Amino acid sequence: MLEASRLSYTIDGRMLVDGVDVSVPSGSVSALLGPNGAGKSTLLALIAATRRPSGGTVLLDDTDLGSLPRRERARRVALVEQDSATDVELSVRQVVLLGRTPHQSMLAGDSAQDGTIADEALETVGMSSFAARRFHTLSGGERQRVQLARALTQQPSLLLLDEPTNHLDISAQLSVLALVRSLATQGVTALAALHDLTLAASYSDHVIVLQRGRVVAAGATDATLTPDLIRSVFEVDAVVLRHPESGRPVIAFG
Amino acid sequence: MRARSKGRAGTALTGALLAVLLVASVTLAVAIGPASLSATDVWGSVLHHLGFGESPLPGLLDGVVWELRLPRVLTAAGVGAGLAISGAVMQAVTRNPLADPYLLGLSSGASLGAVAVLLLGLGLVLPLAAFAGAMLALVATLGLASSLGAITPTRTVLAGLAVSALAGAATSFVIFWSAQGDAYREILGWLMGSLGGATWWSVLIVAVAIAVVGTPILVTGRVLDAFAFGDTAASALGVNVNGTRWLLLAGTAVLTGAMVSVSGSIGFVGLILPHAVRLVVGGAHRALLPLAALSGAVFLIWADTLARTVFDPREIPVGIITALIGAPVFAVLLWRRKAIA
């Protein structure tokens, strides 16, 4: 269970995140929605503690993440950034092993156990056969799956994803989000900033909608993503339909 | 699994080959010169000085091996290794493939410190002054870069260029103002890098720097990998990004300062060799750092051997050789990167 309360972040006198409360139940997928500049990435960075909040607290399973040493925190929270670097000359397996960093002492190399965990993560994301490939030779979708495997190798209870489907073709988008869903069923709590409302509608249990650094709506995806909300936040007209088979909301614009 | 064992075996094999090559290079480089010697002569003389048996060489030649060539070749090896380690570390923590001790102003800063004390007639504190200069330049470069925002590759290079130019101008001014006669020639050779003055003292300085600073850097190589995806990613992996970066950069400043104090500023070694090794074994620093150190040692031994033999009896600064080899290699690396991108 992730509970952030009254989180704020101010830089150069600008309030990017303004007293945000976020609550994500364990083992569920929540989508963080909002137009560009709403503060989604900043909020994720505050929760991951890669940026220090100006105010507020982040509790994960009743532990204050802000008070944990950074390595301890990195064993509980993993972050997948958008558009990770592409010029990395490590092998896929070495990238995945980076996820063991918070579990290792500075002096120790990767143990056999670290190797097993990394191999399992590669298996989970379906990238085992790519283990020896150099990371920079992968396609965008493959890179993102490797980043997910790296995050899994951290063995986190909270997985934060910043636009994980950015620049991916549609099949890669679906496979990445399906993967996140299946991780959630194994008990990982996932919070993903997403642009695509329809993807968010089909893959998330809850949505948190940000506008100008504030939460304007939060709750179960079905109940929260209404035409009125979409109009007021994104300034577009939309209707919410039902998928004939899954029954999940589908958003059509215009 | 197979990929890993193959990778490790490949690394170990490359390392073993380079180690053999290093020993062979030291032997050959000592043997090569105006007075030509055989490998057996060289080892006989070295063993004699280590307390085993008689030297096969007459006193004068024995002196050439033990007092002149061996310290020079060992200094070249140590400086090459130190510069290659510094370059690899700087490229990792600034996430900048162009970073090397030269580009970030370290060498210029060290030169300024060294030239200043040389002209003041304080040759004894030269290593200290070179180190202080390197440190000052590093602080200036990174201070300037971080005053513009996050430390990004581009900012670091631009700041380094500014600091380099400033330190270079200050060095020129100091020389112009106070150097006379022979001092000019000495300083010039020194600014372009030369191992001509290497003694056992140089060997000692280089060895101590590598043992005290280089070894811990080699051992903690794994943490450098965490910088591959940038500061945020490293921080999310539990790495103390700023602390680690400054500690490692300070380490490379010490290392570079020590190297520059015995050899002047030799360019391109720290830039090119990490890239060349990365091409062969990939970017994981546990393999990259020791292999870059070994190949840097071999490279500089041969560059220096060329520097003292091609225009025999005249000797040219080794920095000219490393630049002549390094610049085209660098261009090839740039083209290759373009192909990747």
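Here the residue numbers are simple positions, counted from 1 along each chain's written sequence. Chains and ligands are labelled by the order in which they are written, letters from A for the one and numbers from 1 for the other. A pLDDT threshold of at least 70 governs which residues receive local features in this predicted model, and a stricter bar of 80 or more applies before side-chain atom pairs are shown or counted, although totals over entire chains, interfaces and linings include all residues. Only hydrogens and water are set aside when side-chain values are computed; all heavy atoms of the structure are taken into account.

Novice: Give a detailed account of the overall build of chain A, specifying residues and quantitative values.
Specialist: For helices the rule is a DSSP run of H or I covering at least 4 residues; for strands it is a run of E covering at least 2, with both sets numbered from the N terminus onward. Within chain A, the secondary structure is distributed over 9 helices and 12 strands. The C-alpha radius of gyration computed for chain A amounts to 18 Å, which stays within 12% of the reference 18 Å derived for 254 residues, consistent with globular compactness. Counting only C-alpha atoms and orienting by the principal axes, one finds that chain A spans roughly 55 × 40 × 30 Å. Out of the 254 residues belonging to chain A, those deemed buried represent 50%. The atom set for the radius of gyration is the C-alpha atoms, and the globule formula is 2.2 Å times the number of residues raised to the power 0.38. Three labels apply to residues, based on accessible area from a 1.4 Å probe with only protein chains included: buried if under 20% of the type maximum, exposed if over 50%, partly exposed otherwise in between.

Novice: Just give me the short version of the domain arrangement of chain A, but keep the residues and values in it.
Specialist: Residue and element names in this part refer to chain A. Each assigned domain of chain A is listed here: domain 1 (2–61 + 157–253) and domain 2 (85–154). Domain start and stop positions are those given by an automatic or database domain assignment. One C-alpha centre belongs to domain 1, the other to domain 2, and the line joining them spans 26 Å. Any two residues whose heavy atoms approach within 4.5 Å at even a single point are treated as in contact. Taken together, the contact pairs 11 residues of domain 1 with 9 residues of domain 2. Buried area: the accessible area, evaluated with a 1.4 Å probe, that two parts lose upon being put together, summed over both parts. Interface area, domain 1 with domain 2, both sides summed: about 750 Å², of which 83% is carbon and sulfur. Any Lys or Arg side-chain nitrogen located within 4 Å of an Asp or Glu carboxyl oxygen qualifies as a salt bridge. Inspection of the region where domain 1 meets domain 2 yields 0 salt bridges. Where the side of domain 1 that touches domain 2 is concerned, the elements lending two or more residues are strand S7 (158–162) and helix H6 (170–185).

Novice: Break down the interface of chain B and chain A for me, citing the residues and quoting the values.
Specialist: Residue-level contacts link 32 residues of chain B with 37 residues of chain A. For the pair chain B and chain A, the summed buried surface comes to about 2800 Å²; carbon and sulfur atoms form 58% of the total. When residues of chain B are sorted by the area they lose upon contact with chain A, B:Arg222, B:Phe229 and B:Leu237 head the list and together hold 28% of the total. In protein, a polar contact means a hydrogen-donor-capable atom and an acceptor-capable atom, both N or O and within 3.5 Å, with residues adjacent in sequence counting only if both atoms are side-chain atoms; elsewhere, any N or O pair within 3.5 Å suffices. Inspection of the region where chain B meets chain A yields 9 residue pairs in polar contact (both at pLDDT 80 or more). Under the grouping applied here, Gly and all other residues not named as nonpolar or charged are polar, the nonpolar ones being Ala, Val, Leu, Ile, Met, Phe, Trp, Tyr, Cys and Pro and the charged ones Asp, Glu, Lys and Arg. Of the residues in the side of chain B that touches chain A, the class split is 16 nonpolar, 7 polar and 9 charged.

Novice: Break down the pairing of strand S10 (residues 214–220) of chain A for me, citing the residues and quoting the values.
Specialist: Residue and element names in this part refer to chain A. Of the pairings in the sheet, the one linking strand S9 (residues 206–211) to S10 comprises 6 bridges and is antiparallel in character. By the bridge assignment for S10, Leu-210 is matched with Val-215. Between S9 and S10, which pair antiparallel in sequence order, lie 2 residues; one of them, Arg-212, sits at a positive phi of approximately 45°. At least two DSSP bridges between two strands are required for those strands to pair.

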